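Next come the chains, spelled out residue by residue.
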Amino acid sequence: MIEHISTTPFGRRSLSLAMVAGQMAADSCAPGASTNKWQVFRAVCEAKGLLGASDRALAVLNALLSFHPDTDLVEGEGLVVFPSNTQLALRAHGMAPATLRRHLAVLVDCGLVVRRDSPNGKRYARKGYDGAIEQAFGFDLTPLLARAKEFERLAEAVRSERRALLLVRERITILRRDIAKMIAFGLEEGIAADWQRLHLEYREITATIPRTASRLELEPIAKDLALLAQEVRKTLESHVKTEETSANESHFERHIQNSNTHPHEFEPGLEKGQGTAAAVKLEAKSQPPTGYPLGMVLRACPDIADYARNGISGWADLVETANLVRGALGVSPDAWNQACEAMGAVDAAIMVAAMLQKGEAISSPGGYLRSLTAKACAGEFSIGPVLMALLRGRGGAAQTRAG
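Residues numbered from 1 in each chain as written. Predicted model: local features only at pLDDT ≥ 70, side-chain atom pairs only at ≥ 80, totals over all residues. Heavy atoms only, no water.

Naming follows an unreviewed UniProt entry, where the chain appears as Replication initiation protein RepC of Aminobacter carboxidus.

Shown next, in the form of structure tokens:
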């Protein structure tokens, strides 16, 4: 059996509690213990966040393991590897010497390896008369063997947390879709309810979702969305029950009228007869804006798609969906009609999508749209800067998530 001596670091490196803890872990290794070195390495990689190890440090650990000739780590059978820094750097994909030394120190601090420094600081092995290694100086891999079960438990905890995070993200996505679709349906059918308040609550909740969030941050948001979805669903169910109890001729006439009615009003200015005029204007002016394809608009304003009944595959779908959403935002038919007349139905729809995307950044969507309409009448309005600003904002968010 190879004898290991617990040593202090060579040269200027000082002894630390992490080094002592690593040596204690190595000394506590159960007699006869063994494990597959790549299996325990995968567990360490999964639990790296809990262990405090970086990706580069794990690359160095992978290189150290490659110098161990066997697939299994077996207690008492030559678990000290002693490559030179040059050899180790080559197997660590050409890592710079200073970087290599820094990440070796990280592995020691994390308790993944133990330094076994020789009297002169060199790494080597001393062999006996029979050629077997009697004493080796380098990096001891015994902590990986001694803590193998601990690493697996940590890896399983990370996997469980990852699954839980995925589930809560899926739940939030479904709830957002459900709420948006139900509000759009309520507006389209002209169901009596305070849709503006419900929509504002929905936007306030979704605005609190961080770009990068943990499960603990997302669970309260999912709970708030579930309560709001329940409230919206009860509103629709109450309407259904009312319709069922009053099944008469007027019910059918009312249903036919509601299928073409305009959503609830939250901004004054609607005059009798404007609904028919608006439909004519939408049909006449639903031409695509020059130089701005639909795909670009949807990348800049993806939230508008949540309110579409059958998706948005063309400009007509965008205009139809925007006409529903503007009611939830508090934009009156009068303001909508004037915008369509001044800037065209497609550009007006893009502005509604942009206002939806900006959320609480626009305190009065109706007034904001009227001001843009005035600029369009004066020839001072352009949809380009609005789209570019939204695209830049989404590009920054994507870079933050990637980082």
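Here we come to helix H6 (residues 97-109). Note on helix geometry: an α-helix contains 3.6 residues per turn, so any two residues three or four positions apart are oriented the same way. Taking 1.5 Å as the rise per residue, H6 with 13 residues should run 18 Å; its terminal C-alpha atoms sit 18 Å apart, in good agreement. Turning to H6, its buried residues number three or more, namely Thr99, Leu100, His103, Leu104, Leu107 and Val108. Two residues or fewer after H6 comes Gly111, characterised by a positive phi angle close to 75°. (Helix = DSSP H or I, 4+ residues; strand = E, 2+ residues; numbered from the N terminus. Expected span 1.5 Å × (residues − 1). Buried < 20%, exposed > 50% of the residue type's maximum accessible area, 1.4 Å probe, protein only.)

Next up on the list: the nonpolar core. One finds Trp195, Leu318 and Trp336 to be the most contacted residues of the largest nonpolar core, which totals 67 residues. A per-element tally of this core places helix H16 (residues 345-358) first, with 11 residues. With residues near it in sequence (within four places) discarded, Leu318 still touches Leu294, Val297, Ile304, Ile312, Ala349 and Ile350. Grouped together as the second largest cluster of nonpolar side chains are 37 residues, Ala63, Leu73, Met95 and Phe139 included. (Core = buried A, V, L, I, M, F, W, Y, C linked by side-chain atoms within 4.5 Å. Contact = heavy atoms within 4.5 Å.)

Moving on to the pattern of salt bridges. For the structure on display, the rule yields 17 salt bridges. Arg177 is the salt-bridge partner of Asp178, the closest N and O atoms lying 4.0 Å from each other. Arg177 gets classed as partly exposed once you look at its relative accessible area, which sits at 45%. (Salt bridge = Lys/Arg side-chain N within 4 Å of Asp/Glu carboxyl O.)

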